[in-house]
Amino acid sequence: MAHMVGEGGRVTGIEHIPELVAASLRNTQKSQGHLLAAGRLQLVQGDGRLGHAAGGPYDAIHVGAAAPTLPRALVEQLSPGGRLVIPVGEHQQELMLYDKQADGRVMERSAMSVIYVPLTSKEFQLSRA
């Protein structure tokens, strides 16, 4: 993603398991450390369902796991003209696009049916390990 946004962009990755954040930072440092050093990529520990308000507002938010319903916190962190791409649903999932208009209204549409892993809490994920 950091390559896709170009030199003027920045990407924030969120993971709730501290060990996975640390491993991701180590691996990224080995192969793409310049992205971290330039501030184009940051990896933070947090709950992806809540986003990362400190870094917002965002022009784009991509979520790589399915939320049962739309996490409102993510929509709130979109800048006007921004887009949220997120799989939504439990048994039947849709890849949803949410576009925040200049006046704050949010337009939504389904891009396609998908199957993703669930967007969960840290506790849920660790209880299944």
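Going by the structure above, here's the rest.
A few points on the structure. (Residues numbered from 1 in each chain as written. Predicted model: local features only at pLDDT ≥ 70, side-chain atom pairs only at ≥ 80, totals over all residues. Heavy atoms only, no water.)

## Section: the nonpolar core
Phase 1: Ranked by internal contacts, the top residues of the largest apolar core, which has 15 residues, are I61, V63, L74, L84, I86 and Y98.
Phase 2: Elements with a minimum of two residues in this core: β3 (58–62), α3 (72–76), β4 (78–88) and β5 (93–100).
Phase 3: Ranked by residues supplied to this core, first place goes to β4 with 4 residues.
Phase 4: Sequence-distant contacts of V63, defined by excluding residues within four places in its chain, comprise L74, L84, V85, I86, P87 and L119.
Phase 5: Listed in part, the 5 residues of the second largest apolar core include V11, L35, L36 and L41. (Core = buried A, V, L, I, M, F, W, Y, C linked by side-chain atoms within 4.5 Å. Buried < 20%, exposed > 50% of the residue type's maximum accessible area, 1.4 Å probe, protein only. Helix = DSSP H or I, 4+ residues; strand = E, 2+ residues; numbered from the N terminus. Contact = heavy atoms within 4.5 Å.)

## Things to note about the pattern of salt bridges
Phase 1: All chains considered together, the criterion is met by 3 salt bridges.
Phase 2: Across the pair D47 and R49 runs a salt bridge whose closest N-O atoms are separated by 2.6 Å.
Phase 3: A residue is classified by how much of its surface remains accessible, and D47, at 21% relative accessible area, is partly exposed.
Phase 4: Overall, R49 belongs to the partly exposed group, its relative accessible area being 32%.
Phase 5: Two residues, D99 and R83, come together in a salt bridge whose shortest N-O distance is 2.6 Å. One end of the pair, D99, is in strand β5; the other, R83, is in strand β4, and 16 residues separate them in sequence. (Salt bridge = Lys/Arg side-chain N within 4 Å of Asp/Glu carboxyl O.)

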